[in-house]
Amino acid sequence: MTTFPPAQDLIVRNASLPDGRRAQDILILAGTIKAIGPALDAPEATPVLDAKGDLVAPPFVDAHFHMDSALSYGLPRINASGTLLEGIALWGELKPELTHQAIVDRALAYCDWAIGRGLLAIRSHVDICDPRLLAVDALIEVREKVAPWLTLQLVAFPQDGFLRAQGSRERLIAALDRGVDVVGGIPHFERTMAQGAESVRALCEIAAERGLRVDMHCDESDDPMSRHVETLAAETTRLGLEGRVTGSHLTSMHSMDSYYVSKLIALMAEAELGVIANPLINITLQGRHDGYPKRRGMTRVPELLAAGLTVAFGHDCVMDPWYGLGSADMLEVAAMGLHVAQMTGQSAMAECFSAVTTAPAKLMGLDDYGLMPGCRGDLVLLQAGDPVEALRLRATRLAVVRGGRIIARTPAATATLDLGDGDRPTLNPVSWRGGERPGF
């Protein structure tokens, strides 16, 4: 990647916005959104991006990812059982063979994928259990290299257990001292439920002492008795961390008794806990020990949203020991979440779009994010008329803008139809807006 100043002037004409407004212009000056409205004036010679009525949205955000393991699928071997625990074991086998440059190269390749798909902010967990802190140093380097194009936030993640793996506390502190942004954890991987709760308390105290956010893998199992998110909510309230703590996965909630969940969600709401579900991975890894009926595994997204919690969807894995698919496409993530949670109403589908844009941006604390004056001039032009159509089509990213500069383009998806009579109309074969449709 070549370094260049990202800030630039740009006027986007005739855009549809996620909130339903149409025929809107977006004026970006020196990399910052200055105005949004119809038929805006712009300084002479300002570059123009004509949206032609298509959807302009803030860029996609992935608040839960593992970039240190991305694109390592098949190393040292493939996850035969498809389970979370075999994936952790595989990662443990691979760690001694990792090199700094290999992690950097794979991460940069993934960032290229992300930018091309309009994904301009990622929170990545980084394993701190390797005594060399190899992945920490590699991703800090990557964070600096991609900063003109993509915001990368790092979480100190004790993959092998904060208490279970000897020396994890010291390595986590060292990672934070080197500039890692967020405190992470994995209490359900500790040896006992009590040690899991102890790890939550200790990690939240470290975050409170340093004024940092918390993002903890929590209750990522099918065990309805896994109760670590309860502890996470309690510690958040005790330490005054409300609004700064996120529980990721929470898949055990899918199997919990509904009476207990009614109490639990109230505690989470009191703590202003953020939630990240990872639809592609939750539906893949959970329920592996079930016969039929087989549990879906994803946490209770509609109920959490109804309680006022901020819920985001993360990609989690791409081509690594846990998941052999993926392409940095957050519309694929949102579409899977929509189906798994059965969120098929119009407003619910719009919330799924928000779960890969505004909701994860809030959890990451991206204060300059959004489509409003004063926000950074970052956006994505999608070949769709509204968020629901974008989800349905996995819409082409026609243009990706960072700080007012167009940094990626993709040709529109079109097809030439051979109708057998010499007439070959070119059209988007699957778009249907306002009742308009091709007639044959």
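Residues numbered from 1 in each chain as written. Predicted model: local features only at pLDDT ≥ 70, side-chain atom pairs only at ≥ 80, totals over all residues. Heavy atoms only, no water.

### Remarks on the environment of Tyr73
As for its placement among the helices and strands, Tyr73 is situated in the loop between β6 (60–65) and α1 (84–94). The exposure class assigned to Tyr73 is partly exposed, which follows from its relative accessible area of 37%. Considered as a pair, Tyr73 and Lys145 are 72 residues apart in the sequence and their alpha carbons are 24 Å apart. When neighbours within four sequence positions are excluded, Tyr73 is seen to be in contact with Ile78, Met319, Asp320, Tyr323 and Gly324. (Helix = DSSP H or I, 4+ residues; strand = E, 2+ residues; numbered from the N terminus. Buried < 20%, exposed > 50% of the residue type's maximum accessible area, 1.4 Å probe, protein only. Contact = heavy atoms within 4.5 Å.)

### Here we look at the confidence of the model for the protein
In the predicted model, the protein carries a mean pLDDT of 94, and the fraction of residues at 70 or more is 94%. Here residues 435–440 is modelled with pLDDT under 50, and outside its nearest four sequence neighbours on either side it reaches four contacts, counting other chains as well. (pLDDT = per-residue confidence, 0-100.)

### Brief notes about the side chain of Thr231
Among the structural elements, Thr231 can be located in helix α6 (residues 228–238). According to the relative accessible area criterion, Thr231 is buried, its value standing at 15%.

### Some thoughts on helix α4 (residues 168–177)
Along α4, the positions that sit buried rather than exposed are Ser168, Arg171, Leu172, Ala175 and Leu176. Viewed end-on, α4 has its buried residues packed into an arc of 140°, placing them on one side of the element. Exposed and facing more than 90 degrees away from the buried side of α4 are Glu170 and Asp177. On its buried side, α4 packs onto α3 (134–146), β8 (151–157), β9 (182–185) and α5 (193–210). Phi for Gly179, located one or two positions after α4, is positive at around 115°. (Arc of directions from axis to C-beta.)

### Points about the packing of aromatic side chains
Throughout the structure, instances matching the rule amount to three aromatic pairs. For the ring pair Tyr110 and Trp113, a centre distance of 6.2 Å and an interplane angle of 45° mean the geometry is tilted. Taken together, the residues span about one helical turn, with Tyr110 and Trp113 both in helix α2 (residues 100–116) at a distance of three residues. Members of the aromatic cluster, connected to one another through ring pairs, are Phe65, Tyr110 and Trp113. Geometry around Tyr292 places Lys294 over its ring, the cationic atom sitting 5.5 Å from the centre. (Phe/Tyr/Trp six-rings, centres within 6.5 Å; stacked < 30°, edge-to-face > 60°. Lys NZ or Arg CZ within 6 Å of the ring centre and 35° of its normal.)

### Here's the deal with the sheet that holds β8
Across the sheet, which stays open at both edges, the eight strands sit in the order β6-β7-β8-β9-β10-β11-β12-β13 with parallel pairing between neighbours. Of all the strands in the sheet, the pair left with one neighbour each is β6 and β13 (311–313). Adjacent strand axes in the sheet meet at a mean angle of 25° when their direction is disregarded. In this sheet, β8 lies alongside strand β7 (residues 119–127) in parallel orientation, the contact comprising seven bridges. Bridged to Ala121 within β8 is Thr151. Where α6 meets the sheet, it contacts β10 (213–218) and β11 (245–249), and its direction lies at approximately 165° from that of β10. (Pairing = 2+ DSSP bridges. Axes fitted to C-alpha atoms, helices over the stretch in contact; angles between N-to-C directions.)

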